[in-house]
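Single-letter residue listing:
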Amino acid sequence: MKRIVLFLATNLAIVLVLSVSMRLLGVEPYLNEQGLNLGSLLIFAAVMGFGGAFISLAISKWMAKKSVGAQVISAPRTPTEQWLVQTVARQAQAAGIRMPEVAIWESPDVNAFATGMSKNRSLIAVSTGLLQTMTREEAEAVLGHEMAHVANGDMVTLALIQGVVNTFVLFLSRVIGHTVDRVIFRTENGHGPAFWVTVIIADLVLGILASIIVMWFSRQREFRADAGGARLAGRGAMIAALERLASLHPQPLPDKMAAFGIAGGGAGGIKRLFMTHPPLAERIAMLKTAR
């Protein structure tokens, strides 16, 4: 799911830039003569955390287009483009949302993604490899999967969840840094170097733990998107599309594909905690047993 990896990376960069900028400007609204003001710190963490999440959400469509070189179809030039636009339009009407932008990017990889600020300001893009490899029925199911992501408001929900985890990471890392600075290094006024070193380490460790929460959420939304794709294109077509992906990638997918949209990848053990997608076999089994 490239949209999630891009979103997380952009979100992290924005949060760090905002936080460092406030430090360089000498703004530490959560520090007073008595030490940390926890109320002010929580407000600061929420502003930084949700600010980073929603700024990255606002530019997610632009970032996604730039990352793969996707070209928006303004006027279909080929029968394939015409079919693609018509299929997305029909699914959008069935899902009760505004017509998304439709784009294609040149790549032999079989993949697709959806992103955007809201369900009525979204983008659905597919690779040329998907259009050349899959049957129309399978491709329609993939489009239905991405349409379900849009209709379910997954990007907005992701932004909210990311804002919450950002807030707690920023809050807890500074509490830990303040405690280490005061108790171990006995800094009496302001914050010494130990505070910032500890904050950076705590941000990294807590950020990794927080990403497990976000990835779990992502995997659950994939099951929902599969179900949505089955409703829009037919359960048989959705199963066939996933089985086609499994046959194209019988081994665990490389990281690039695991993060890139419909396909995801397979992994076990600890690595599974950081997967954006459940294994294809699990997704297929879930659809086959659904009532």
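Residues numbered from 1 in each chain as written. Predicted model: local features only at pLDDT ≥ 70, side-chain atom pairs only at ≥ 80, totals over all residues. Heavy atoms only, no water.

1. A word on the overall build of the protein chain
Logical step 1: Looking only at helices and strands, the protein chain features 11 helices and 6 strands.
Logical step 2: When each of the 291 residues of the protein chain is scored for burial, the buried share is 51%.
Logical step 3: In the protein chain, the proportion of contacts linking residues at least 24 apart, taken out of those at least 6 apart, comes to 70%. (Helix = DSSP H or I, 4+ residues; strand = E, 2+ residues; numbered from the N terminus. Buried < 20%, exposed > 50% of the residue type's maximum accessible area, 1.4 Å probe, protein only. Contact = heavy atoms within 4.5 Å.)

2. Some thoughts on the side chain of T115
Logical step 1: Position of T115 among the secondary structure elements: in strand 5 (residues 112–118).
Logical step 2: Within the structure, T115 has its side chain in polar contact with the side chain of S60 (distance 3.3 Å). (Polar contact = N/O pair within 3.5 Å; in protein donor to acceptor, adjacent residues only side chain to side chain.)

3. Regarding the pattern of salt bridges
Pairing between side chains of opposite charge can happen when the charged atoms of each approach one another.
Logical step 1: Applying the stated criterion across every chain yields a total of 12 salt bridges.
Logical step 2: A salt bridge links R272 to E282, with the shortest nitrogen-to-oxygen separation between them at 3.0 Å. Of this pair, R272 sits in the loop between helix 10 (255–258) and helix 11 (280–289) while E282 sits in helix 11; the two residues are 10 residues apart in sequence, bridging distant segments of the chain.
Logical step 3: Judged by relative accessible area, which is 28%, R272 ranks as partly exposed.
Logical step 4: Within this structure, K61, K65 and E101 form a network of salt bridges that share partners. (Salt bridge = Lys/Arg side-chain N within 4 Å of Asp/Glu carboxyl O.)

4. A closer look at the packing of aromatic side chains
For any pair of aromatic rings, geometry is given as the distance between the ring centres together with the angle between the planes.
Logical step 1: Going through the model one piece at a time under the given rule, you end up with 3 aromatic pairs.
Logical step 2: Taken together, a centroid distance of 5.3 Å and an interplanar angle of 35° make the contact between W105 and F113 tilted. As far as burial versus exposure is concerned, W105 and F113 are alike and both buried. (Phe/Tyr/Trp six-rings, centres within 6.5 Å; stacked < 30°, edge-to-face > 60°.)

5. A short note on the packing of helix 2 (residues 38–58) against helix 7 (residues 154–184)
Logical step 1: The contact between helix 2 and helix 7 brings their axes to 7 Å, and the two run at 145°. As helix 2 runs across helix 7, the sense of the crossing is right-handed. (Axes fitted to C-alpha atoms, helices over the stretch in contact; angles between N-to-C directions. Left-handed = near helix turned anticlockwise from the far one by under 90°.)

6. Focus on a nonpolar patch on the surface
Logical step 1: On the surface, V197, I200, I201, L204, V205 and L209 cluster together into a nonpolar patch covering about 570 Å² of accessible area.
Logical step 2: The topology assignment puts V197 in helix 8 (residues 193–233).
Logical step 3: The class for V197 is partly exposed, based on a relative accessible area of 48%. (Patch = residues over 30% accessible without salt bridge, like charges linked within 9 Å, V, L, I, M, F, W, Y side chains within 5 Å. Areas by Shrake-Rupley, 256 points an atom, 1.4 Å probe, with all protein chains shown as cover.)

7. Comments concerning the sheet that holds strand 6 (residues 121–127)
Logical step 1: Spatial ordering of the open sheet is given by 3-4-6-5, a layout of 4 strands whose pairing is mixed. Across the chains shown, the open sheet's two edge strands, defined by having one partner strand only, are strand 3 (71–72) and strand 5.
Logical step 2: Two strands pair when backbone bridges link them, and strand 3 and strand 4 (residues 101–105) are joined in this way by 2 bridges, in the antiparallel orientation. Across the sheet, the residue bridging to Q71 is I104, located in strand 4.
Logical step 3: On the sheet, helix 3 (residues 60–68) packs against strand 3, strand 4, strand 5 and strand 6 and is oriented at approximately 150° with respect to strand 5. (Pairing = 2+ DSSP bridges.)

8. Structural notes on helix 2
Logical step 1: With 21 residues, helix 2 extends 30 Å between its outermost C-alpha atoms, agreeing within 8% with the 30 Å of an ideal straight helix rising 1.5 Å per residue.
Logical step 2: Here helix 2 has its buried residues at L41, F44, A45, M48, G49, G52, A53, S56 and L57.
Logical step 3: A distance of 3.1 Å separates the backbone nitrogen of G39 from a side-chain oxygen at the start of helix 2, and that oxygen is part of N37. (Expected span 1.5 Å × (residues − 1).)

9. Quick notes on the side chain of S107
Logical step 1: With respect to the helices and strands, the residue S107 is situated in the loop between strand 4 and strand 5.
Logical step 2: Those residues in contact with S107 that sit more than four places away from it in its chain are S127, T128 and G129.

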